[in-house]
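Below are the chains, spelled out letter by letter.
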Amino acid sequence: MKSLYRYLGITGLAGLALTLFWVLVSFVGPLIAPYSPGEIVNYDVFLPMSWEHLLGTDYLGRSVLSRVMDGARFTVGLAFAAALLASLLGTGLGLFSAVSGKALDESISRVMDALLSIPNKIFALVMIAALGSSIPILLLITAITYTPGVFRIARSLAVNINQMDYIQVARARGEGRIYLASVEVLPNMIHPMLTDFGLRFVYVVLLLSSLSFLGLGVQPPNADLGSLVRENMSGLWEGAPAIMAPAAAIISLTIGVNLFIDSLRSSR
Amino acid sequence: MSDLIRVENLRIVARGDDDQEKTIVKNIEFSIPRGEVLALIGESGSGKTTIALALMRYARRGCHIDEGSIFLDDTDLMSLSQPALRSLRGRRISYVAQSAASSFNPSMRIMNQILESTQIHYSMSRKAAEAKAVDLFRVLALPNPETIGSRYPHQVSGGQLQRLMAAMAMITDPELIIFDEPTTALDVTTQIDVLRAFKQVVQERGITAVYVSHDLAVVAQMADQVVVLNNGEICEMGRTAQIINAPSDDYTKQLMAAAHPVLTGVAETNENDESLLSVKGLAAGYGKIRRDGRPAIPILQDINLSIKHGSTLGVIGESGSGKSTLALAIAGLLPSSAGIVKLADEVLPNRMELRSRDQLKRVQVVFQNADTALNPAHSVGRILARPLAFYHGMTKDASDKRVRELLDLVHLPPSIADQPCTRLSGGQKQRVNLARALAAEPDLILCDEVTSALDTVVATAILDLLKELQRELGISFMFISHDITTLRGVCDQVIVLYAGQKVEEGSRKNFAAPPFHPYTNLLINSVPELEQGWLDRKKHIRQTIPANADGQQLCGFLDRCSVRIEGKCDKQSPPWVALSEGSEVSCHLSGEELKRLQQHSLQTPTLKPASSNAEGG
């Protein structure tokens, strides 16, 4: 524990704790939630916090605690899957691009630049308008939105590593491109790419939440944290915990991951 | 004389990742009288830079001064507050770092950077400071002292930058200057100029200085007192003459021995005239190939050489002379634009992509910097096993056995195979680097400055290993170096490159005594000798003013040649002349003339007692 503290520092530990907390919630939340997320537990809406309803009730009188626990599953799970997909795709393309010839490298890079130039929310809105909103579509769209960013970082890392003497040695030995990319280059870029993955995850959480807030994300009866904020908007005037709780959840999740990743970066 | 600085019982510790404190240096005690130069000498990791920095009460990140006192005059630096220290640093004590190139800000004019410390300490008006800087430039023998300050760092050469950095340190008239390996990154021919300039200012201005170096020969020129460090402790200290002439400590003796490689190590070449590698008319460069078939930035021109079976060819030249490019072109990593590379009877395609796996196997390259030549993500065993699987299709068991044999061949314990290569020391890495080349079972290994990044003692061991491998396995080497003593120790034949052209070729014996090509002469005479007063005796080695001639067919060394013939050298390209002693040079002067001109600068036997003109040396 002490060494972990030395490694991460106090902010990093706090970040790690928050991250672990949300991962735990998204896994076991639905199992230990006091009520089922769809169940109307009280005829009073926007109740304040009480022992009976720890985070009050929402605009239909459902348990906010249960709904947040259920919603975290969508937010964390979807964001994780999308960030992972974007990282794998981006790293793979970046690596391939860096070890390929000039023409191929240029064309992949320019396509990625074009994608990068489209504002990501607009892109997501247009795609959802055209294809409708469902979990797989959301996953695909967010992954595609964040792939160019990962690609840029992965490619520049790979290009740098590609200049190292040990790559020259392997090239002089007559090794093929796939060997160079996977055995010589990749292991040396895993660490920064993991860091990048963490940051990407935060962006994806925010994008998914904002899409849900606009009503284009996860559709009822399911709800992620973003949709919880949206559906309880009218409670804002009453200061109901129904809107504060999911908003606070998004904030603590993103800040937690961010702090954790940042401390990883500075400790190297 | 009173002592300017006195260090007592200094101990510096570092805090590791595991929270354990590790002592870097301990029990350091010395004092420097005003106006004297003290040298700190030792291998890398001996703590010499740490001690030098501690004289400013500065410790690098993760380190701190644990105990001890540092007195400047009568003030104990350890008792000063941070603001008091700040006003002291740069004003009373200043520092000249090893790499001037990375110490200057590339986006600021040199003058502004030099004046920075006067402005921080408000010690003088800008105008006065500028006048003083120009004065210093003149003393440091910099060209165009009036205007050089308005240039940017990339517009001056490495040697000039190092001198400018010294000017930066001296602008506030500090009482103590710390020189931290100021000439290590320079070519010998540049080093001699820089040393001379340093020595002159130190003497003229009566500066007290600390000179950190790993090179005993350089120290012998600069210092009055020497402190020899080993593993963070002082193992011997005394007057310079005493240390170099009568060292008492075993470690010092070892250092001295490493500074003098034995010249008789090589088994005489077996009279096998069959050449393994022959290169004819090789040209190479960087950038787009132009219409006339030459690259945009030509580096090498018309190189001819041959390496016999089981022999070693040395390639020498300054940085930028095209030595490394030659290795890359032969290996096919940089496609040559003209010329033929023949291995035994096979003509090798100019780019490696077109070479067969067998051809690739037979020529291996060992790169200069083992730190970057070994993949930090792989273990030693994995690095060595790959060429075995790749060239010889070895199975896991067979290659495990072979890896152990290879490690044994380069004198490393078999247990090292499981370690990640980041854990190894510099010398161990270079051995692994070499073992990887051996794993391919090549006929020829191209060694690019394999010992340059290593300490002398370690480098000597690597050279011994090369000779041993050659004896046992009959491998041929091409050995690239900027250090003529190293080359004379290991090579049978030597070629000298200057500006991408070959200017001399001869056997090892030819490089022991004149006649040489004028450039070779400059190289040989610029290598510092372990003898006080050497620098003063070498007064005649001067940079020559560039000749007014342009044109590619002329002698490349024309601009710097001290014996050029006006009206001939700047008009015609030099012929190849076979000298009676056996070597060949590209020069207008005949062997007799060269010999006569170079006779007076003949190498004197080293380790001579200090001569009479060596006082204060």
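Bear in mind that the values here come from a model prediction, so they are computed numbers and not experimental data.

Undergrad: I'd love a proper account of the packing of aromatic side chains, names of residues and values included.
TA: Residue and element names in this part refer to chain B. By the definition in use, this model includes nine aromatic pairs over all chains. Aromatic pair Phe179 and Phe198: ring centres 4.8 Å apart, planes at 35°, arrangement tilted. Taken together, the positions of Phe179 in strand E7 (residues 176-180) and Phe198 in helix H7 (residues 188-205) put the pair 19 residues apart, joining distant regions of the chain. We classify Phe179 as buried; its relative accessible area is 1%. By relative accessible area, which is 0% here, Phe198 ends up buried. Measuring from ring centre to ring centre gives 5.9 Å for Phe179 and Tyr211, while their planes differ by 35°; the resulting arrangement is tilted. Placement of Phe179 in strand E7 and of Tyr211 in strand E8 (residues 208-213) is noted, with a sequence separation of 32 residues between them. Summarising the burial analysis for this pair, Phe179 and Tyr211 share the class buried. Three or more aromatic residues joined by ring pairs form one cluster here, namely Phe179, Phe198 and Tyr211.

Undergrad: Give me helix H4 (residues 110-120) of chain B: which residues, what numbers.
TA: What H4(B) keeps buried is the set B:Ile110, B:Met111, B:Gln113, B:Ile114, B:Leu115, B:Ser117 and B:Thr118. One or two steps after H4(B), the chain reaches B:Tyr122, where phi turns positive at roughly 45°.

Undergrad: So what about the environment of B:Ile110? Which residues, and what values?
TA: Relative to the elements of secondary structure, B:Ile110 occurs in helix H4. A sequence separation of 43 residues divides B:Ile110 from B:Pro153, and the C-alpha atoms of the two residues are 6.1 Å apart.

Undergrad: I'd love a proper account of the interface of chain B and chain A, names of residues and values included.
TA: On the chain A side, the residues contacting the 24 residues of chain B number 17 residues. Buried surface at the junction of chain B and chain A, both sides included, amounts to about 1,800 Å², of which 54% is carbon and sulfur. Counting every contact that joins chain B to chain A gives two salt bridges. B:Glu353 is paired through a salt bridge with A:Arg171; the nearest N and O atoms lie 3.9 Å apart. Elements represented by at least two residues in the side of chain B that touches chain A include exactly helix H13 (370-373) and helix H14 (380-392) of chain B. Element by element, the count of residues in the side of chain B that touches chain A is highest for H14(B), at five residues. Considering only residue class, the side of chain B that touches chain A consists of 12 nonpolar, five polar and seven charged.

Parameters and conventions
Numbers given to residues run from 1 along each chain, matching the order in which its sequence is written. Whichever chain is written first becomes A and whichever ligand is written first becomes 1, with later ones labelled in order. Whole-chain, interface and lining totals are the exception, using all residues; otherwise, since this is a predicted model, local features are given only for residues with pLDDT of at least 70 and side-chain atom pairs are given and counted only at 80 or more. Calculated side-chain values reflect all of the structure's heavy atoms, with hydrogen atoms and water omitted. Between the rings of Phe, Tyr and Trp (Trp by its six-membered ring), a pair exists once the centres lie within 6.5 Å; its type follows the angle of the planes, with under 30 degrees stacked, over 60 edge-to-face, and the other angles tilted. Secondary structure is summarised from DSSP: a helix means a run of H or I of at least four residues, a strand means a run of E of at least two, and numbering begins at the N terminus for each. Only protein chains enter the accessibility calculation, which uses a 1.4 Å probe; a residue is then buried when its area is under 20% of its type maximum, exposed when over 50%, and partly exposed in between. Note on definitions: a residue-residue contact is assigned when non-hydrogen atoms from the two residues lie within 4.5 Å. Throughout, buried area stands for the accessible area (probe radius 1.4 Å) lost by two parts on being put together, summed over both. Just to be clear on terms, a salt bridge is a Lys or Arg side-chain nitrogen sitting within 4 Å of an Asp or Glu carboxyl oxygen. Under this grouping Gly is polar, as are all residues other than the nonpolar Ala, Val, Leu, Ile, Met, Phe, Trp, Tyr, Cys and Pro and the charged Asp, Glu, Lys and Arg.

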